[in-house]
Amino acid sequence: AYANAFEKNIAELNNWRLDEIIQTVSLPKFISNFSELFTDVVQDFSQSIEIIDNKGKKRLINSHVSQLTDSFNEINFAIQMLNDVTSYKDEEYEIINNERLKTLNYIANSFAHKFNNQLMEMYGNSYLLKSNLKDKKLATYANSLFTTISNTSKLTHNLLSFSKKGNKIKVITDIPDLIETLIDELSIPPTINIKTHFDRKNKSILGDPSHLKIALSNIIENAVGAISGAGEIVFETRLVYFESDSKNNTTNLNDGKYLKISIKDNGKGIQQNDIPKIFDPFFSTKSTDLNAGLGLTIALKTIEEHYGTIKVNSNSDGTDVMVYLPQQETDIINKSIIPDEQLIINGTANIVIIDDEDVVRIVTGELLKKLGYNVFSFSSGLKAIKFYKENIQDVDLVLLDKHMPQLDGSEVYKKLKNINPEIKVVLMTGFNIDSEILEIFQHKNNTIIQKPVSVEKLSKAISTLLHKK
């Protein structure tokens, strides 16, 4: 079997005309090296060359060419050894990406806690600053600072959700509204014309608005980046139906109705050979200093976690990225379900904050006071447990940090729960919400949120627990 495969490979290689199929970028060097071979400048040379085979597939060939002399010691021939190393390079590419992902996961989880605590401090202080400033000009500066810090916090959540599967909420989400919000928020140059064609009747899916927002923004930013100067991006949503046995179904999706989101630009397009790679981690058609190559990877991961998929069509006229998400059938959208970033809920209750980071504890306390709550703060789990035991009737809820020295948040929670099995706890963590955290804290009276957390999301988490019977 090996011999037959070897002969077949040799026969295929011998049928190739390298000067016809070798990529233009490699050809001048190859010709130069070959000419030196016959002028006796070199006796042999090796070169890696990219070719397009007769099936249109890009392949990487290691070519070694040596002089071959006749009986008169004249250099009349050359012998060329060709080794198709495409599969090896593909495996090497995958191994390198896996190692880079491991490194990314390590960095994300190693620095997330400290970095997110610092972001929480900056976020809270900038929010309080912009809320209390009377001077309009100063308030504008504070609002700009607050927006920048909010965007930075989304990036850290983005990174953590990519490094490990995050804990996503599921609410009815209006996709056209979400896209229109993104169009307003993203820095799209005025030279790019925006067109929208939305199906307002079939518009809802069940998912996490914040994660979907990040996924779609990554796709839109790629569309914007593909356009140089003037151009156009067309957004369209419509209902489609897939059947698993249909010849037209190339999506591998389950049977049913899906909301198709099309984001089409008239930019430079993507080379056909690159389309299968664009969702690979760290792959980018841009220089590495401009793009980390994770935007579309994160987008696909998010959409697949919502039981959908992404397809791409591209040519010289532009690129059409098609997102498919299971459609949520509902005649009336529940207006009480509003994305976290749009709703602040005030309240009155006594809340205990336990966090070893002074700046985080102080700024969180100020945010809660602004929402109307009474706050008792502790940097030590032991002191907080003693206080809770002595004042159990006066405490409505505990806001608890997960990672603390001496007594970890998990241990603090267990001790508090021994005192009161029905205690209500909002766990705050700068790390990813992993299976260990879920196993300990996934209880009807608990909520888990990631730092840095917006005041809107924090207020919603607290209000939901306080009113849960």
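Computed from a predicted structure; not experimentally measured.

This paragraph deals with the overall build of the chain. When you go through the chain residue by residue, the secondary structure sums to 13 helices and 15 strands. By the burial criterion, 45% of the 469 residues in the chain qualify as buried. Counted over contacts in the chain with a minimum sequence separation of 6, partners at least 24 positions apart contribute 67%. Counting every atom, the chain has about 26,000 Å² of accessible surface; 51% of that belongs to carbon and sulfur.

The subject of this paragraph is helix 11 (residues 409-419). Owing to its 3.6 residues per turn, the α-helix brings residues three or four apart onto one side. Those residues of helix 11 lying buried are Gly409, Ser410, Val412, Tyr413 and Leu416. The arc enclosing the buried residues of helix 11, seen along the axis, measures out at 160°, which places them on a common side. Where helix 11 begins, one side-chain oxygen reaches toward the backbone nitrogen of Ser410, 3.1 Å away; that side chain belongs to Asp408.

Viewed as axis vectors pointing N to C, helix 10 (residues 381-390) and helix 11 meet at an angle of 10°, and their least axial separation amounts to 10 Å. Here helix 11 runs roughly parallel to helix 10, going by the angle between their axes. Contacts between helix 10 and helix 11 pair Gly381, Ile385, Tyr388 and Lys389 from the former with Val412, Lys415, Leu416 and Ile419 from the latter. Taken together, the residues that form the contact of helix 10 with helix 11 break down as 5 nonpolar, 1 polar and 2 charged.

All right, on to the side chain of Ser126 then. Residue position: Ser126 is located in helix 4 (residues 86-132). Residue class for Ser126 comes out buried when judged on its relative accessible area of 2%. Reaching out from Ser126, the side chain makes a polar contact with the backbone oxygen of Tyr123 at a distance of 2.9 Å.

Using the criterion set out here, one finds 11 salt bridges in the structure. As a salt-bridge pair, Asp177 and Arg200 come within 3.7 Å of each other at their nearest N and O atoms. Placement of the pair is Asp177 in helix 6 (residues 175-185) and Arg200 in the loop between strand 5 (192-197) and strand 6 (204-207), with a sequence separation of 23 residues. Of the residues examined, Asp177 reaches a relative accessible area of 38% and is grouped as partly exposed. Among the salt bridges present, the one from Asp408 reaches Lys402, with a minimum N-O distance of 2.9 Å. Here the salt bridges do not stand alone but share partners, grouping Asp177, Glu180 and Arg200 into one network.

Bringing a nonpolar patch on the surface into the picture now. There is a patch of nonpolar side chains on the surface, built from Leu68, Phe77 and Ile79 and spanning about 280 Å² of accessible area. Within the element layout of this structure, Ile79 appears in strand 3 (residues 75-84).

Before going further, it helps to spend a moment on the sheet that holds strand 9 (residues 309-315). Spatially, 5-7-8-10-9 is the arrangement adopted by the 5 strands of the open sheet, whose pairing is mixed. The outermost strands of the open sheet, each flanked by one partner alone, are strand 5 and strand 9. Recorded for the sheet is a direction-independent mean angle of 20° between the axes of neighbouring strands. Two strands pair when backbone bridges link them, and strand 8 (residues 256-265) and strand 10 (residues 318-326) are joined in this way by 8 bridges, in the antiparallel orientation. Across the sheet, Tyr258 pairs through a bridge with Pro326, a residue of strand 10. The strands that helix 7 (residues 209-226) touches are strand 5, strand 7 (231-242), strand 8, strand 9 and strand 10; relative to strand 8, the one it contacts most, it runs at about 30°. Lying over the sheet, helix 8 (residues 295-305) contacts strand 9 and strand 10, oriented at roughly 140° with respect to strand 9.

In this section: the confidence of the model for the chain. For the chain, per-residue confidence averages 79 on the pLDDT scale, and residues scoring 70 or more make up 78% of the total. Within the chain, no element has a lower average pLDDT than helix 1 (residues 2-14), which sits at 51, and none a higher one than strand 5, at 95. Between residues 331-340, whose pLDDT stays under 50, and residues either more than four places distant or in other chains, the model counts 11 contacts.

Ranked by size, the top nonpolar core spans 36 residues in total, and within it Ile219, Ile263 and Ile310 carry the most contacts. Here this core gets 7 residues from one element, more than from any other, and that element is helix 7. Each residue touching Ile263, except ones within four places of it in the same chain, is listed here: Leu216, Ile219, Ile220, Ala223, Ile233, Val234, Phe235, Thr319, Asp320 and Val321. Met120, Tyr373, Val375 and Val426 belong to the second largest nonpolar core, which has 28 residues in total.

Here the focus is the packing of aromatic side chains. Going through the model one piece at a time under the given rule, you end up with 4 aromatic pairs. Each ring, one from Phe242 and one from Tyr324, has its centre 5.3 Å from the other, and the planes form 65°; the classification is edge-to-face. Here the residue Phe242 occupies a position in strand 7, and Tyr324 occupies one in strand 10, the gap between them amounting to 82 residues. The pair Phe242 / Tyr324 is uniform in exposure class, with both members buried. Note on Phe378 and Phe387: the rings are 5.1 Å apart at their centroids and 45° apart in plane angle, and the pair reads as tilted. Take Phe378 and Phe387: they sit in the same class, and that class is buried. Among the aromatic residues, those joined into a ring-pair cluster are Phe242, Tyr258 and Tyr324.

Scoring rules and cut-offs
- Residues numbered from 1 in each chain as written.
- Predicted model: local features only at pLDDT ≥ 70, side-chain atom pairs only at ≥ 80, totals over all residues.
- Heavy atoms only, no water.
- Helix = DSSP H or I, 4+ residues; strand = E, 2+ residues; numbered from the N terminus.
- Buried < 20%, exposed > 50% of the residue type's maximum accessible area, 1.4 Å probe, protein only.
- Contact = heavy atoms within 4.5 Å.
- Areas by Shrake-Rupley, 256 points an atom, 1.4 Å probe, with all protein chains shown as cover.
- Arc of directions from axis to C-beta.
- Polar contact = N/O pair within 3.5 Å; in protein donor to acceptor, adjacent residues only side chain to side chain.
- Axes fitted to C-alpha atoms, helices over the stretch in contact; angles between N-to-C directions.
- Parallel < 35°, antiparallel > 145°, perpendicular 65-115°, else oblique.
- Nonpolar A, V, L, I, M, F, W, Y, C, P; charged D, E, K, R; others polar.
- Salt bridge = Lys/Arg side-chain N within 4 Å of Asp/Glu carboxyl O.
- Patch = residues over 30% accessible without salt bridge, like charges linked within 9 Å, V, L, I, M, F, W, Y side chains within 5 Å.
- Pairing = 2+ DSSP bridges.
- pLDDT = per-residue confidence, 0-100.
- Core = buried A, V, L, I, M, F, W, Y, C linked by side-chain atoms within 4.5 Å.
- Phe/Tyr/Trp six-rings, centres within 6.5 Å; stacked < 30°, edge-to-face > 60°.

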